[in-house]
Amino acid sequence: MRFLWRDGKSRLLLSLPDAKLESCMPEIGKMLVVLGAVIVLLGLALWNGFGLWLGRLPGDIRIERGSSSFYFPIVTCLVLSIVLSLLLAFFRR
């Protein structure tokens, strides 16, 4: 049994015939290449210091007492959530 995501819709198809599977494979390959390129670019950006502000925004909670510390990056989480939501909404259209 084969599982594939249908292009443009978020329904899962079961038992896709081999003819349709072979026609979808180039699209899946392109998607994987683009995803890999995005991951590499993000890794290079973070490696070069682009993301140094990430986790150090005003509003992130940091408590240090003695030899223990507590850190909760709430504002960073909110910013990342908003940015990712906007990007996904943009690519869905």
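All of these numbers come straight from a predicted model, not from anything done at the bench. (Residues numbered from 1 in each chain as written. Predicted model: local features only at pLDDT ≥ 70, side-chain atom pairs only at ≥ 80, totals over all residues. Heavy atoms only, no water.)

Engineer: Sorry if this is basic, but what is going on with the overall build of the protein here?
Structural biologist: A tally of regular secondary structure across the protein gives 2 helices and 4 strands. Along the protein, from the amino end to the carboxyl end, the secondary structure elements read β-β-α-β-β-α. Sorting the 93 residues of the protein into buried and exposed places 8% on the buried side. A fraction of 4% describes how many contacts in the protein between residues 6 or more apart in sequence connect residues 24 or more apart. Accessible surface computed for the protein: about 8,500 Å², of which carbon and sulfur atoms make up 69%. (Helix = DSSP H or I, 4+ residues; strand = E, 2+ residues; numbered from the N terminus. Buried < 20%, exposed > 50% of the residue type's maximum accessible area, 1.4 Å probe, protein only. Contact = heavy atoms within 4.5 Å. Areas by Shrake-Rupley, 256 points an atom, 1.4 Å probe, with all protein chains shown as cover.)

Engineer: I keep staring at the pairing of strand β4 (residues 68-72) and nothing clicks. Help me out?
Structural biologist: Walk down a regular strand and you will see the side chains alternate between the two sheet faces. Across 5 bridges, strand β3 (residues 61-65) lies against β4 in antiparallel orientation. Bridged to E64 within β4 is S69. Linking two consecutive strands that pair antiparallel, namely β3 and β4, is a turn of 2 residues; a positive phi of about 60 degrees is found at G66 within it. (Pairing = 2+ DSSP bridges.)

Engineer: Explain the side chain of D60 to me, please; I cannot follow it from the model alone.
Structural biologist: As for its placement among the helices and strands, D60 is situated in the loop between α1 (18-47) and β3. One buried charge, D60, has no salt-bridge partner; the nearest side chain with opposite charge is R62, at 7.1 Å. In this structure the side chain of D60 is engaged in a polar contact, spanning 3.5 Å, whose partner is the side chain of Y71. A polar contact is formed between the side chain of D60 and the backbone nitrogen of I74, at a distance of 3.5 Å. Excluding anything up to four places from it in sequence, D60 contacts G55, Y71, F72, P73, I74, V75 and T76. (Lys, Arg positive; Asp, Glu negative; His and termini not counted. Salt bridge = Lys/Arg side-chain N within 4 Å of Asp/Glu carboxyl O. Polar contact = N/O pair within 3.5 Å; in protein donor to acceptor, adjacent residues only side chain to side chain.)

Engineer: Looking at this structure, I do not really get the side chain of T76. What am I missing?
Structural biologist: Mapping T76 onto the fold places it in helix α2 (residues 74-92). Apart from residues no more than four positions distant in its own chain, T76 is found in contact with L54, G55, R56, L57 and D60.

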